[in-house]
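Notes for the structure review
Here are the chains, one letter per residue:
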Amino acid sequence: GENVEQHPSTLSVQEGDSAVIKCTYSDSASNYFPWYKQELGKRPQLIIDIRSNVGEKKDQRIAVTLNKTAKHFSLHITETQPEDSAVYFCAASPPFNKFYFGSGTKLNVKP
Amino acid sequence: DTAVSQTPKYLVTQMGNDKSIKCEQNLGHDTMYWYKQDSKKFLKIMFSYNNKELIINETVPNRFSPKSPDKAHLNLHINSLELGDSAVYFCASSPEFSLYEQYFGPGTRLTVT
């Protein structure tokens, strides 16, 4: 089955800096790659997703890039703010198969 | 927002007891899931139902039994609770299996003493 690895496990940045979280996957059939944000004590919520026919997607300060050849995708957050502090999960999903989540990255944005 | 709701929010119980967690979604989605999030925050899928049919059954003890009375509900029953069952359990739903965003419920924090 699919195997998703996520790095780093913790990331601390200064407010205003950029943050990058990277994930690799093993199943070349995976074609949907969502990113979820989970604030302390809350539910995971989708912040951005990308499908395998697209190399990059941007939504305001958040962007995701996908390299299908290398089987990795990354989340980029620019101009970080304290409210960006949370745990971020990547996931990969082969067609008609389950979601495989990464192990999570705890992002701490220091004011 | 009450798109995906779970009850109870907190559940404290003793080892050996049987307990149930209920989940309901009002989004008209076809697929529902149960996840377990342990103390290290790792999200692990347990079960998935599509139109009331079981399509994923991960390697979980058979003390865990999901039940889907209809498309909008997926309940989780746990028999003979053990200390290691302590975790946060999330229900989720999506329009179709694996192709779209999953909407998570608020979670149920289960503590087994």
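Placed above this text is the structure.
We now turn to the structure provided with this report. (Residues numbered from 1 in each chain as written. Chains lettered and ligands numbered in written order. Predicted model: local features only at pLDDT ≥ 70, side-chain atom pairs only at ≥ 80, totals over all residues. Heavy atoms only, no water.)

A covalent bond between the sulfur atoms of two cysteines is what we call a disulfide. Across all of its chains, the model carries two disulfides over all chains by this definition. The partner cysteine of Cys23(A) in its disulfide is Cys90(A), sulfur to sulfur 1.9 Å. Handedness of the Cys23(A)-Cys90(A) disulfide follows from its S-S torsion of about -100 degrees: it is left-handed. Of this pair, Cys23(A) sits in strand β3 (residues 19-24) while Cys90(A) sits in strand β9 (residues 86-92); the two residues are 67 residues apart in sequence, bridging distant segments of the chain. Across the pair, Cys90(A) and Cys23(A) agree in class, each one buried. Through a disulfide, Cys23(B) is tied to Cys91(B); the S-S separation comes to 1.8 Å. Looking down the S-S bond of the Cys23(B) and Cys91(B) bridge, the torsion is -75 degrees, so its handedness is left-handed. Here Cys23(B) is found in strand β3 (residues 19-25), whereas its partner Cys91(B) is found in strand β9 (residues 87-94), with 68 residues between them in sequence. For Cys23(B), a relative accessible area of 1% gives the class buried. (Disulfide = S-S within 2.5 Å. Helix = DSSP H or I, 4+ residues; strand = E, 2+ residues; numbered from the N terminus. Buried < 20%, exposed > 50% of the residue type's maximum accessible area, 1.4 Å probe, protein only.)

Turning to the pairing of strand β7 (residues 62-67) of chain A, a few remarks are in order. Residue and element names in this part refer to chain A. Bridge count for strand β6 (residues 56-59) against β7 is four bridges, and the pairing is antiparallel. For Lys 58, the partnering residue across the bridge sits in β7 and is Ala 63. Taking the residues that link successive antiparallel strands as the turn, the β6-β7 hairpin has two residues, and the phi of Gln 60 there is positive, at about 55 degrees. In the sheet, β7 pairs with strand β8 (residues 72-77) via six bridges, with the strands oriented antiparallel. Looking at the pairing, Ile 62 lines up with Ile 77 of β8. Joining the antiparallel neighbours β7 and β8 is a turn of four residues, in which Lys 71 adopts a positive phi near 55 degrees. (Pairing = 2+ DSSP bridges.)

All names here are of chain B. Sheet architecture is open: four strands sit in the order β1-β3-β8-β7, paired in antiparallel fashion. The open sheet has two edge strands with one neighbour each: β1 (4-7) and β7 (64-70). Here the average twist between neighbouring strands, direction ignored, is 20 degrees. Two strands pair when backbone bridges link them, and β3 and strand β8 (residues 73-78) are joined in this way by four bridges, in the antiparallel orientation. Looking at the pairing, Lys 19 lines up with Ile 78 of β8. (Axes fitted to C-alpha atoms, helices over the stretch in contact; angles between N-to-C directions.)

Such coordinate-based values are descriptive only and should not be taken to indicate function.
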